Amino acid sequence: MSFLRRLLGKAEIPEDFAGELETEEHVVAVGALTGGGHLVVTNRGIWVPPARRIGWHLVSKATWGNGALSVVEAVEEDLDGAVLLMDLPPRRYRLAEPGSVPEAVHRRVTESIRSRHHRDLATGGAWFLQRKVPGRDGTVLQVRPDPGTDVDAVRTLAQDVARKIAP
């Protein structure tokens, strides 16, 4: 079975993995962490220790360097037709055996973005993104303010844009 999974481009779930994959979720890459545990990359997101999945639509940024994957996760606020994203501090995961994890993460994050546009505002700026949410049809409008930008102004603008593009 291991040979067939590799041939099809699917990785095996590590024995110590504590998460529960959804029915349509499959592993595409696994990387062993220094100190134990694994990063598990699936078609739905990246599983980080101890057993929490970050959906691709909530990964604002992921960078690989010096043997570690740095992941910036966003939390979302529903704005009735749009989603306001606020970035959490970056988390670093040092990989003992990165394998194809950095490439798989980069590809999945990039593929989740259907379009992006930056808008300058009087108090800063904001990114407007149309993103695919893993396991759901269609896209979602996400708005992420630049650091220092008035979040209330971005929230109001995002709601206006969502009303204009609503079907």
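Residues numbered from 1 in each chain as written. Predicted model: local features only at pLDDT ≥ 70, side-chain atom pairs only at ≥ 80, totals over all residues. Heavy atoms only, no water.

(A) Just the environment of Val30, in detail. Mapped onto the elements, Val30 comes out in strand E1 (residues 27-33). Sequence separation between Val30 and Pro98 is 68 residues; the distance between their C-alpha atoms is 7.7 Å. Ignoring any residue separated from it by four or fewer positions in sequence, one finds Val30 in contact with Ala11, Glu12, Pro14, His38, Leu39, Val40, Glu97, Pro98 and Val101. (Helix = DSSP H or I, 4+ residues; strand = E, 2+ residues; numbered from the N terminus. Contact = heavy atoms within 4.5 Å.)

(B) A look at helix H2 (residues 101-112). Along its twelve residues, H2 runs 16 Å from first to last C-alpha, staying within 8% of the 16 Å computed at 1.5 Å per residue. Residues of H2 that are buried: Val101, Pro102, Ala104, Val105, Arg108, Val109 and Ser112. The arc enclosing the buried residues of H2, seen along the axis, measures out at 165°, which places them on a common side. Facing away from the buried surface of H2 by more than 90 degrees, the exposed residues are Glu103 and His106. (Expected span 1.5 Å × (residues − 1). Buried < 20%, exposed > 50% of the residue type's maximum accessible area, 1.4 Å probe, protein only. Arc of directions from axis to C-beta.)

(C) Structural view of the nonpolar core. Ranked by size, the top nonpolar core spans 24 residues in total, and within it Leu39, Val41, Ile46, Leu69, Val101 and Val105 carry the most contacts. Setting aside residues up to four positions removed in sequence, Val41 forms contacts with His26, Val27, Val28, Ala29, Ile46, Trp56, Val101, Ala104 and Val105. Of all hydrophobic cores here, the second largest spans eleven residues; its members include Ala82, Phe128, Val143 and Ala162. (Core = buried A, V, L, I, M, F, W, Y, C linked by side-chain atoms within 4.5 Å.)

(D) Broad picture of the pairing of strand E11 (residues 139-145). Counting buried positions along E11 yields six of seven residues, so the element is predominantly enclosed. In this sheet, E11 lies alongside strand E7 (residues 83-87) in parallel orientation, the contact comprising two bridges. Directly across from Leu84, in E11, lies its bridge partner Val143. Summarising the sheet, strand E10 (residues 124-132) and E11 pair through seven bridges and their orientation is antiparallel. Counterpart to Gln130 in the pairing with E11 is Leu141. Here E10 folds back onto E11, and the loop between the two strands holds six residues, one of which, Gly135, carries a positive phi near 85°. (Pairing = 2+ DSSP bridges.)

(E) Highlighting the pattern of salt bridges. Inspection of every chain in the model, using the stated rule, returns nine salt bridges. With a closest N to O distance of 3.5 Å, Arg107 and Glu103 form a salt bridge. Of the two residues, Arg107 and Glu103 both sit in helix H2, four residues apart, roughly one turn of that helix. Here Arg107 falls in the partly exposed class, since its relative accessible area comes to 32%. Close ionic contact of Arg163 with Asp160 constitutes a salt bridge, the shortest N to O distance being 2.5 Å. Here the residue Arg163 and the residue Asp160 both occupy positions in helix H3 (residues 151-165), the gap between them amounting to three residues, near one helical turn. Residue class for Asp160 comes out partly exposed when judged on its relative accessible area of 29%. Shared partners join several salt bridges into a network, and the residues in it are Glu22, Glu25, Arg44 and Arg53. (Salt bridge = Lys/Arg side-chain N within 4 Å of Asp/Glu carboxyl O.)

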